[in-house]
Protein chains: 2
Amino acid sequence: MRDVAVIGIGLTKFGELWDQSFRQLTAEAGSKAILDSGVGGKDIDAMYVGSMSSGRFVGQEHVGALVADASGFSHLHIPSTRVEGACASGSLALREGYLSIASGVNDVVVIGGIEKMNDVGGSAATETLATAADQEWEAFFGVTFPGLYAMIAKRHMHEFKTTREDLARVAVKNHHNGTMNPFAQYQKEISIDTALNATPVAEPLGLMDCSPVTDGAAAVVLCAADRIGDFSGKPVKIIGSGQASDTLSLHGRRDITTLDASVHAGKMAYKQAHLKPSDINLAEVHDCFTIAEICAIEDLGFVKKGEGGKAVENKITTIDGSLPVNTSGGLKSKGHPVGATGVAQIVEITKQLRGEADKRQIKDARIGLAHNVGGSGATCVVNILEGM
Amino acid sequence: MRDVAVIGIGLTKFGELWDQSFRQLTAEAGSKAILDSGVGGKDIDAMYVGSMSSGRFVGQEHVGALVADASGFSHLHIPSTRVEGACASGSLALREGYLSIASGVNDVVVIGGIEKMNDVGGSAATETLATAADQEWEAFFGVTFPGLYAMIAKRHMHEFKTTREDLARVAVKNHHNGTMNPFAQYQKEISIDTALNATPVAEPLGLMDCSPVTDGAAAVVLCAADRIGDFSGKPVKIIGSGQASDTLSLHGRRDITTLDASVHAGKMAYKQAHLKPSDINLAEVHDCFTIAEICAIEDLGFVKKGEGGKAVENKITTIDGSLPVNTSGGLKSKGHPVGATGVAQIVEITKQLRGEADKRQIKDARIGLAHNVGGSGATCVVNILEGM
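As the structure is a prediction and not an experimental result, all values here were calculated from the model.

What to know about the pairing of strand β8 (residues 236-245) of chain A
Residues and elements named next belong to chain A.
Stage number 1. Across the 10 residues of β8, eight count as buried, placing the element largely inside the fold.
Stage number 2. Where strand β1 (residues 4-11) meets β8, three bridges bridge the pair, whose relative direction is antiparallel. Directly across from Val6, in β8, lies its bridge partner Val236.
Stage number 3. Across nine bridges, the pairing between β8 and strand β11 (residues 379-387) is antiparallel. Along β11, the bridge assignment pairs Ala244 with Cys380.

Some remarks on the interface of chain B and chain A
Stage number 1. Each side of the interface is counted separately: chain B has 54 residues, and chain A has 54 residues.
Stage number 2. Going through the elements one at a time, α2 (54-57), α3 (63-70), β3 (80-84), α4 (89-102), β8 (236-245) and α9 (260-273) of chain B are the ones with two or more residues in the side of chain B that touches chain A.
Stage number 3. Residue composition of the side of chain B that touches chain A, by class: 19 nonpolar, 25 polar and 10 charged.
Stage number 4. Taken together, the three bridges between strand β3 (residues 80-84) of chain A and β3(B) define a ladder with antiparallel strand orientation. The residue bridging Glu84(A) from the neighbouring strand is Arg82(B), located in β3(B).

Focus on the domain arrangement of chain A
All names here are of chain A.
Stage number 1. Taken as a whole, chain A is organised into domain 1 (4-122 + 214-237) and domain 2 (125-210 + 240-387).
Stage number 2. Facing 41 residues of domain 1, the contacting portion of domain 2 comprises 38 residues.
Stage number 3. Looking at which element gives the most residues to the side of domain 1 that touches domain 2, the answer is helix α4 (residues 89-102), with eight residues.

A short note on helix α9 (residues 260-273) of chain A
All names here are of chain A.
Stage number 1. The terminal C-alpha atoms of α9 lie 20 Å apart, and with 14 residues this matches the ideal 20 Å at 1.5 Å per residue to within 8%.
Stage number 2. Summarising burial for α9: 10 of the 14 residues are buried, a large majority.
Stage number 3. Listed as buried for α9 are Asp260, Ala261, Ser262, Val263, His264, Ala265, Gly266, Ala269, Tyr270 and Ala273.
Stage number 4. Against β8, α10 (290-299), β10 (367-374) and β11 lie the buried residues of α9.
Stage number 5. Just past α9, the residue His274 takes up positive phi, approximately 55 degrees.

Thoughts on the pairing of strand β7 (residues 215-224) of chain A
Residues and elements named next belong to chain A.
Stage number 1. Most of β7 sits out of view: 10 of its 10 residues are buried.
Stage number 2. Side chains Asp215, Ala217, Ala219, Val221 and Cys223 project from β7 onto one buried face, and the interleaved Gly216, Ala218, Val220, Leu222 and Ala224 project onto a second face that is buried too.
Stage number 3. Bridge count for β1 against β7 is seven bridges, and the pairing is antiparallel. By the bridge assignment for β7, Ala5 is matched with Cys223.
Stage number 4. With nine bridges joining them, strand β4 (residues 108-116) and β7 adopt antiparallel strand pairing. If you follow Ile114 over to β7, its bridge partner there is Ala217.

Quick notes on helix α1 (residues 22-37) of chain A
All names here are of chain A.
Stage number 1. With 16 residues, α1 extends 23 Å between its outermost C-alpha atoms, agreeing within 8% with the 22 Å of an ideal straight helix rising 1.5 Å per residue.
Stage number 2. Along α1, the residues that are buried comprise Phe22, Arg23, Leu25, Thr26, Ala27, Ala29, Gly30, Ala33, Ile34, Asp36 and Ser37.
Stage number 3. The first or second residue beyond α1 is Gly38, which carries a positive phi of 80 degrees.

What about the relation of the copies chain B and chain A?
Stage number 1. Least-squares fitting of chain B to chain A yields an RMSD of 0.0 Å, with the transformation described by 0.0 Å of translation along the axis and a rotation of 180 degrees. What the rotation and shift describe, once combined, is the action of a two-fold rotation axis. When C-alpha distances to the rotation axis are compared across chain B, the minimum falls at Ser103(B), with a value of 1.8 Å.
Stage number 2. Most of the interface of chain B is mirrored in chain A: 100% of its interface residues are interface residues there too.

Here's the deal with the environment of Arg56(B)
Stage number 1. For Arg56(B), the position within the fold is in helix α2.
Stage number 2. Residue Arg56(B) is classed as buried on the basis of its 23 C-beta neighbours within 10 Å.
Stage number 3. It is 24 Å that separates the C-alpha atoms of Arg56(B) and Glu96(B), two residues lying 40 residues apart in sequence.
Stage number 4. Once you skip the residues sitting within four places of it in the chain, Arg56(B) turns out to touch Gly55(A), Arg56(A) and Thr128(B).

What to know about unusual backbone geometry
Stage number 1. Looking along the chain, the bond that leaves Glu203(A) and enters Pro204(A) is cis, with omega of 10 degrees.
Stage number 2. In this fold, Pro204(A) is placed in the loop between β5 (200-202) and β6 (205-206).
Stage number 3. Backbone geometry places Ala86(A), a non-glycine residue, at a positive phi of 55 degrees.
Stage number 4. Structurally, Ala86(A) can be placed in the loop between β3 and α4.
Stage number 5. Classification of Ala86(A) by C-beta neighbours within 10 Å gives buried; the count is 29.
Stage number 6. Positioned with a positive phi, His77(B) is a non-glycine residue whose angle comes to about 55 degrees.

Each value, and the rule that gives it
Residues numbered from 1 in each chain as written. Chains lettered and ligands numbered in written order. Predicted model: local features only at pLDDT ≥ 70, side-chain atom pairs only at ≥ 80, totals over all residues. Buried ≥ 20, exposed ≤ 12 C-beta atoms within 10 Å, placed from the backbone. Helix = DSSP H or I, 4+ residues; strand = E, 2+ residues; numbered from the N terminus. Pairing = 2+ DSSP bridges. Contact = placed C-beta atoms within 7 Å. Nonpolar A, V, L, I, M, F, W, Y, C, P; charged D, E, K, R; others polar. Domains from an automatic or database assignment. Expected span 1.5 Å × (residues − 1). Least-squares fit on C-alpha atoms with pLDDT ≥ 70 in both.

Pasting the structure below:
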């Protein structure tokens, strides 16, 4: 297998983007990444697009072809494929592009991630997100994602004495990081009291424990490592990639406080990279809810099982800590346009490893990890990147 | 790149399957293919699932994880990815699995294709299919797929003197082939008069020019050629694979009677296989409408541009002709569960190249081609298989 590098990154502002269409967002992120990479249209061998539910959010399936078309490449007939794995769709697109270069089939691949979630009204966003859960065994009976993650949180609190304050500290930290990210949906500090006293959503989770509904797009350009000299984009190498699945419904799991798919995907990525968790300098993890970040840092081996809450309390994961987590603001503060999230995580890690993360730059960052979850953990993707 | 073979195939009955769920259909096709291949669960390195719009048809996204789970493999945490490219979703899933083996990442991959289209009522199936067209520039203004292909047909008739009788002969031929396929939705002959006098849908297309709304699933097991000795499944080799894109909307095309994506995907596949169109012994092509089969045999180089209608009249594409097309009955008679179609085409070609196609067996078939289109031609995939 050939080595693969990220050589271009692009991001739209995340937020409620009423004045931009799905098509415009993809074109903006894609053209930024392509310009950043220095590749021309004729250099692009393939495109992969992650989108969770464009069919329900904007009434448009077939978005692989749409993105190639909106990017101005229809005359080049570039193979363009949409990939879906709920909120892990972006990382799955990245992984398919990565494999297609590692295989020798392609040299240069553009990856896009996109979701426009605010165009549907009322409860339709929540209902559409619930299509990532098991429709027959969960969603049909009325459970939505805040309810599923609330069950995980309750059990984690019961087994490991994790507290509501631990959860709140995740939100406070990620909002602090978000103040330093001009692309973030929310760029304001919140206090622990604000988090603890927020509107209840699904006990013990309040509004500040939940990532928002977001519009946004992200893109990266991947290139075979032996071709990076042909282009001007500053490269960051992908040194490990893992993917795993689990039961679609939460009740089928061995242990609901552990996302086994995260554990397995992490092990695959560490093994390929010849690294252990303590070698990672920073991580973007899937904090769709505050409890998810606590589970993630445990499942990825950064701390022992059950010690995630304590790790947050001890400031290990703050931007000045020994393992900064979600320097971008994470899904909580940067926003969570579900299909774009996995690609946006790679954009953040690449900025950090290039030394281009401005006020939130982690000094001497060399190895970064991105962790992206679909549903309540039925799909997980982990990628490890290294600065060059 | 390593060689890759199909070593197992599975299909459900196609039709209006009111008494089977999405989950049951995937499990049936998948378990048949796995049994046919002789692989065990622990041999499976990855799964890819093609589905066009499970989110709208059955309210369920995240069907990669669902299929791995429904197949009984949740404890194995197999990476499982859903791929979408409208009606070409199944072939895109196959291609991703193929690339992942060719790359050396995986040895054994299960591919599923699934759509359950009858569970939505009224015009919802047509509206959901229209999400494969350009929502902003086509569907929003009321055009649906019969209208788009009617425009292609009108132009083809205008430029090349193609007749309504030519279109009708495609339907008659494919219905005849369908009588020999026990998995087909319709297993009955129709006459040319029935086709010509059918209810008008979008002039010049009548009901017998249109493929039906279908529930069904298909699956195949792919294996690295250097590992086929480890399993009992009878292998058929994939010797060429191509994929291409075009404008999402029909009006943006250079020429609406030619699907440039088909031409490009075909050329890629022929080049890789070191073959020319005349080397192909049989083909399954994307006859979502009768005119689409006529365009396909031209775009794939089997006949000259404009001579597709004449080729049908001259019986070149009948089961006794020099190039049998759609021996399975095609989308018209076998049915068109959109995400399953591309995988079902591979099942038919594999049966023919194994000599297992019963009454519709093509004598001495050695090389078969499968051609699958998304939308009105914005995505196309061509795969060429060879018996071993």
